[in-house]
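The lines below spell out each chain.
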Amino acid sequence: MSLFARPLLTLELSHPKISMKIAEKMGEIHSLDIPMSKEPNWLWNCMNRWLKSVAIILKQNNWKNNEKQAQCVREFDFNAESQWLKSMIDKGNYKVFFCHNDLQEGNILFRETDVTSNPTPRSSLNETRPDSSSLNLSDTINANIEDSAKFLHNSSISSSDSLLNCTSEDDLDLIIIDFEYCAYNYRGFDLANHFLEWTFDYSNPAFPFYFHHIHQYPNEEQRNNFIITYLKKLNESDLAYIPTANEVKDVQDEVRLFTLFSHLFWILWSVVNVTSNIEFGYWEYAETRLGEYKKLKEELVRCLKSECP
C-alpha cells in the first residue's frame, strides 16, 4: 500500500467538512502547553526587525518597473500603524495560546492511500520566509509524515477526489506541517490569518504568481461554524460546554482586529523579500495587502465611532 500526502488547494479550505477539521486542528494546537515564553512577543519582535530592514529598502530609488508600488509603500507609515495596532490590542483582553501562525493551504496536507497520480513537488512560499525559532512538534500533534510520503499538487482535482468524498470529518486525515513559525501569540491572529488565506491562491503559474480572490473570504456563517467547532475542541475537557452567542461574537471581534494585523505582518514580510531571487511578485503582494489593510481599517474605525455590532 502506497502512502501519499498533498497540500490542500485554496478552494478546498472552504469545503465545510475540511474547514471543520481544520478548526479542530487549530483547537488542538492552541491547547498545547509548550515549555517556552508564553508572552505574545514573537509577532512584535518579527515586525520590529522587519521595520528596520524596510526603512533601508524604501530609501533605495532603483526599483524601475516597481517604482509605483515602492512609492505606494513609502507613503505608508509602518511605525505609526504598528503603534496604533498595539494600542488597540492593549485595550482588549485578547487570549494568547500556542499558535501555528501560518495555517495556509500549503501547510495542511491531505493524506490518502493508493494514489495513482504521478507526484510532483509543490514549491512553497514558506521557503522564502525569514527564519524563526523552530520547534519539532511532529510527535506532539500527530503531524509526522512517513518516509514514503509524497507531496502532491494537482490544480485540477475534481469532485471525485477522495478528500471531498469523505463522509465525515473523522474520515479526513489532515496533517499540519511547517511549525517554524509556531510561538505563543494572540489566537485572533491565527484565526484571522487562516481566514485571509481563503482569498490568496499561490498556484498562479504566471507573474505575480498568486491570485487574490476577495470574494472567497468566509462569510459570517462560515466563520461562525469554524469558530464554534474551534471553541468546542479547545474546551473538549468540559463535556457540557456549548459556545454561547456572546463567545462567538467576541471571537469574531478578535478576527476583525487581527485581520489588520495579518495584513500588516505580511506587507512587511513581502517588502523585506523584494530583493529575493525567488520568483514572486513581492511588490505586488505588498500593494494588494496594503490596499486591503487601508480599506479594513477605515471600516473598523468607522464602526468603532458608530458602535456598530
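Quick note: structure is the one above.
Note that the structure is a prediction, hence the values are computed from the model and not measured. (Residues numbered from 1 in each chain as written. Predicted model: local features only at pLDDT ≥ 70, side-chain atom pairs only at ≥ 80, totals over all residues. Heavy atoms only, no water.)

**Q** Would you mind going over the overall build of the protein chain with me for this structure?
**A** Along its length, the protein chain carries eight helices and seven strands. The 309 residues of the protein chain split such that 52% are buried. For the protein chain, the share of sequence-separated contacts (at least 6 apart) that also reach a separation of at least 24 residues comes to 84%. Within the structure as shown, the protein chain displays about 15100 Å² of accessible surface, and the carbon and sulfur contribution to it stands at 48%. (Helix = DSSP H or I, 4+ residues; strand = E, 2+ residues; numbered from the N terminus. Buried < 20%, exposed > 50% of the residue type's maximum accessible area, 1.4 Å probe, protein only. Contact = heavy atoms within 4.5 Å. Areas by Shrake-Rupley, 256 points an atom, 1.4 Å probe, with all protein chains shown as cover.)

**Q** Would you take a moment to explain the pattern of salt bridges for this structure?
**A** Where charged atoms of side chains with opposite charge meet at close range, the side chains can pair. One pass over the structure, following the stated rule, counts 15 salt bridges. Across the pair Arg 6 and Glu 12 runs a salt bridge, and its minimum N-O distance is 2.9 Å. Its relative accessible area of 2% is what places Arg 6 among the buried residues. Judged by relative accessible area, which is 6%, Glu 12 ranks as buried. The residue Asp 253 makes a salt bridge to Lys 249 at a minimum N-O spacing of 3.0 Å. Note that Asp 253 and Lys 249 are positioned in helix α7 (residues 245–272) at a spacing of four residues, about one turn of the helix. Given a relative accessible area of 39%, Lys 249 falls into the partly exposed group. Connected through salt bridges with shared partners, the residues Glu 28, Lys 233 and Glu 236 form a single ionic network. (Salt bridge = Lys/Arg side-chain N within 4 Å of Asp/Glu carboxyl O.)

**Q** What's the story with the side chain of Arg 6 in this structure? I'm lost.
**A** For Arg 6, the location among the structural elements is in strand β1 (residues 3–7). Reaching out from Arg 6, the side chain makes a polar contact with the side chain of Glu 12 at a distance of 2.9 Å. (Polar contact = N/O pair within 3.5 Å; in protein donor to acceptor, adjacent residues only side chain to side chain.)

**Q** Would you take a moment to explain the environment of Lys 17 for this structure?
**A** Here Lys 17 shows up in helix α1 (residues 16–30). Residue Lys 17 is classed as buried on the basis of its relative accessible area of 18%. For the pair formed by Lys 17 and Leu 172, sequence separation is 155 residues and the distance between their alpha carbons is 8.2 Å.

**Q** Help me understand the nonpolar core, please; the structure alone is not making it clear to me.
**A** Where a protein is soluble and globular, its nonpolar side chains tend to be buried together. Counting residues in hydrophobic clusters, the biggest one holds 82 residues, and the most contacted among them are Ile 22, Phe 78, Phe 261, Phe 265, Val 271 and Trp 283. It is α7 that provides the largest number of residues to this core, a total of 15 residues. (Core = buried A, V, L, I, M, F, W, Y, C linked by side-chain atoms within 4.5 Å.)

**Q** Would you mind showing me how to read the side chain of Ser 19 here?
**A** Inspection of the secondary structure assignment puts Ser 19 in helix α1. Every residue in contact with Ser 19, bar those within four places of it in the chain, is listed here: Leu 13, Trp 198 and Phe 226.

**Q** For this particular structure, what's the right way to read the packing of α7 against helix α8 (residues 282–306)?
**A** Packed helix pairs are characterised by how far apart their axes lie and by the angle those axes make with each other. Axis separation between α7 and α8 bottoms out at 9 Å; the angle between their running directions is 155°. Our classification of the angle between α7 and α8 gives roughly antiparallel. The two elements α7 and α8 meet at a crossing, and its hand is left-handed. Facing Arg 256, Leu 257, Thr 259, Leu 260, Ser 262, His 263, Leu 264, Trp 266, Ile 267, Trp 269, Ser 270 and Val 271 of α7, the residues of α8 in contact are Tyr 282, Trp 283, Tyr 285, Ala 286, Arg 289, Leu 290, Glu 292, Tyr 293, Leu 296, Lys 297, Leu 300 and Cys 303. Here the residues of the contact of α7 with α8 sort into 16 nonpolar, four polar and four charged. (Axes fitted to C-alpha atoms, helices over the stretch in contact; angles between N-to-C directions. Parallel < 35°, antiparallel > 145°, perpendicular 65-115°, else oblique. Left-handed = near helix turned anticlockwise from the far one by under 90°. Nonpolar A, V, L, I, M, F, W, Y, C, P; charged D, E, K, R; others polar.)

**Q** How do you make sense of the packing of α1 against helix α5 (residues 187–197) when you look at a structure like this?
**A** Closest axis-to-axis distance for the α1/α5 pair is 12 Å, and the angle between their directions is 155°. With respect to their mutual orientation, α1 and α5 come out roughly antiparallel. Of the two possible hands of crossing, α1 and α5 adopt the one that is right-handed. Contacts between α1 and α5 involve Ile 22, Met 26 and His 30 from the former and Arg 187, Asp 190, Leu 191 and His 194 from the latter.

**Q** Looking at this structure, I do not really get unusual backbone geometry. What am I missing?
**A** It is generally the case that most residues other than glycine have a negative phi and that most peptide bonds are trans. Of note, the bond from Phe 207 into Pro 208 is cis; its omega dihedral lies within 30 degrees of zero at 5°. Inspection of the secondary structure puts Pro 208 in the loop between β6 (200–201) and β7 (211–212). Positive phi values are uncommon outside glycine, yet Asn 101 reaches one of about 75°. Residue position: Asn 101 is located in the loop between β2 (96–99) and β3 (108–113). By relative accessible area, Asn 101 is classed as buried at 0%. The phi angle at Asp 178 is positive, at roughly 60°, despite the residue not being glycine. Tracing the backbone shows Asp 178 in the loop between β4 (174–176) and β5 (183–186).

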